[in-house]
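Geometric and topological summary
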Amino acid sequence: MSDFRIKTYPVGQIGTNCYIIFREQLKKAMIVDPGDEGEFILEECRKLSVTPEAILLTHGHFDHIMAVKEIKQAFPEIVICAGENEKMLLNDPSVNLSASTGRPCLIEADRYVTDGEIIDTAGISAHVLATPGHTEGSVCYYMKEEDVLISGDTLFLESLGRTDFPTGDQLKIISSIRGTLFPLPGDTMVYPGHGSVTTIGHEKSYNPVALYRG
């Protein structure tokens with residue numbers, strides 16, 4: 001039986017899904033999209049008795065990054081990973097929308113990852129899938145051995161991410177979903193940036209992108 005675990009924590013003002021992903025035997029973890037409530041996330045790590053080794057960001061919007069600095073301060077050796085085309089959003093509070101919240105935030109990743117790259121940390125291999133559209137530098141993380149996809153704000157349950165924010169592009173997000181995510185095995189579990197878990201098979205049947213003929 002696998003000791004692979006994913007814990008989901010909706011955080012912040014719009015309930016962004018932060019994920020703590022770990023193997024029970026190793027007691028090491030990766031944190032995906034710590035969008036806010038840093039002390040809460042750190043406390044959950046303590047409850048799970050896991051030490052975070054990496055922060056994986058799916059994109060740079062404020063609701064996915066606001067707790068990064070607090071976690072980095074608690075664990076200075078942690079490695080912050082983000083897509084190579086997301087530097088502008090991470091470094092500009094007006095573009096990542098944090099300035100409009102009254103809590104301007106800018107982040108510098110330790111590692112800017114590219115399509116096809118593999119992040120090996122905490123005993124887990126995460127394949128980087130470049131999925132531009134919600135933002136230009138949006139990425140998803142595919143854990144092939146576990147049949148798990150972390151989809152950020154690219155793919156939701158029977159929906160997709162909005163594209164009316166800076167660097168968003170509707171045609172690109174449709175192409176990313178249809179060309180990069182839908183070819184994954186149908187039983188792949190999809191953990192999105194907001195809302196409920198779904199599967200690739202379900203989305204290929206019920207997501208409006210599957211019916212798009214543009």
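Up top you'll find the structure we're talking about.
My aim in this report is to walk through the structure given alongside it, one point at a time. Keep in mind it's a predicted model, so treat the numbers as computed, not measured.

The rules behind the values
- Residues numbered from 1 in each chain as written.
- Predicted model: local features only at pLDDT ≥ 70, side-chain atom pairs only at ≥ 80, totals over all residues.
- Heavy atoms only, no water.
- Pairing = 2+ DSSP bridges.
- Helix = DSSP H or I, 4+ residues; strand = E, 2+ residues; numbered from the N terminus.
- Phe/Tyr/Trp six-rings, centres within 6.5 Å; stacked < 30°, edge-to-face > 60°.
- Buried < 20%, exposed > 50% of the residue type's maximum accessible area, 1.4 Å probe, protein only.
- Contact = heavy atoms within 4.5 Å.
- Arc of directions from axis to C-beta.
- Axes fitted to C-alpha atoms, helices over the stretch in contact; angles between N-to-C directions.
- Core = buried A, V, L, I, M, F, W, Y, C linked by side-chain atoms within 4.5 Å.
- Expected span 1.5 Å × (residues − 1).
- Polar contact = N/O pair within 3.5 Å; in protein donor to acceptor, adjacent residues only side chain to side chain.

1. Some words on the sheet that holds strand E8 (residues 124–130)
Here we have 6 strands laid out as an open sheet, ordered E7-E8-E9-E10-E13-E14, and mixed in their pairing. On the outer flanks of this sheet lie strand E7 (118–121) and strand E14 (198–199), each paired with one strand and no other. With 2 bridges joining them, strand E13 (residues 189–192) and E14 adopt antiparallel strand pairing. Residue pairing across strands places Val-190 opposite Thr-198, the latter belonging to E14.

2. Things to note about the packing of aromatic side chains
The tally for this structure, following the rule as stated, stands at 2 aromatic pairs. On the numbers, 5.7 Å between centres and 80° between planes, the contact of Tyr-9 with Phe-40 is edge-to-face. Taken as a pair, Tyr-9 in strand E1 (residues 4–11) and Phe-40 in helix H1 (residues 38–48) lie far apart in primary sequence, 31 residues in all. On the basis of relative accessibility, which here comes to 32%, the residue Phe-40 falls in the partly exposed class.

3. What about the environment of Lys-204?
In this fold, Lys-204 is placed in helix H5 (residues 200–206). Considered as a pair, Lys-204 and Gly-83 are 121 residues apart in the sequence and their alpha carbons are 25 Å apart. Every residue in contact with Lys-204, bar those within four places of it in the chain, is listed here: Phe-182 and Ala-210.

4. Some thoughts on H1
Residues three or four positions apart in an α-helix share a direction because the helix packs 3.6 residues into each turn. When H1 is considered as a whole, its buried residues turn out to be Gly-38, Ile-41, Leu-42, Glu-44, Cys-45 and Leu-48. The arc enclosing the buried residues of H1, seen along the axis, measures out at 155°, which places them on a common side. For H1, the elements touching its buried residues are E1, strand E2 (16–23), strand E3 (28–32), strand E4 (51–56) and helix H2 (68–74). A positive phi of about 60° marks Ser-49, the residue just after H1.

5. Considering the sheet that holds E1
Read from one edge of the open sheet, 6 strands run E1-E2-E3-E4-E5-E6, paired in mixed fashion. A strand with exactly one partner marks an edge of an open sheet, and here the two such strands are E1 and strand E6 (111–113). Neighbouring strand axes in the sheet, compared pairwise and without regard to direction, differ in orientation by 25° on average. Here 3 bridges tie E4 to strand E5 (residues 79–83), and the two strands are oriented parallel to one another. Along E5, the bridge assignment pairs Leu-56 with Cys-81. Lying over the sheet, H1 contacts E1, E2, E3 and E4, oriented at roughly 25° with respect to E2.

6. A closer look at the nonpolar core
Counting 29 residues, the largest nonpolar core has Ile-20, Leu-57, Ile-71 and Leu-90 as its most contacted members. If one sorts the elements of this core by residue count, H1 sits on top with 4 residues. Non-local contacts of Ile-71, meaning those with residues more than four positions away in its chain, are made with Ile-31, Pro-34, Ile-41, Leu-42, Ile-55 and Ile-78. Of all hydrophobic cores here, the second largest spans 20 residues; its members include Val-113, Val-139, Tyr-141 and Ile-150.

7. So, helix H4 (residues 170–181)
Taking 1.5 Å per residue, 12 residues should reach 16 Å; H4 reaches 16 Å between its end C-alpha atoms and fits that length. Buried within H4 are the following residues: Ile-173, Ile-174, Ser-176, Ile-177 and Leu-181. Buried residues along H4 cover an arc of 155° about the axis, so they all sit on one side. Within H4, the exposed residues directed more than 90 degrees away from the buried face are Leu-171 and Gly-179. The N-capping residue of H4, defined by a side-chain oxygen 3.1 Å from the backbone nitrogen of Leu-171, is Asp-169.

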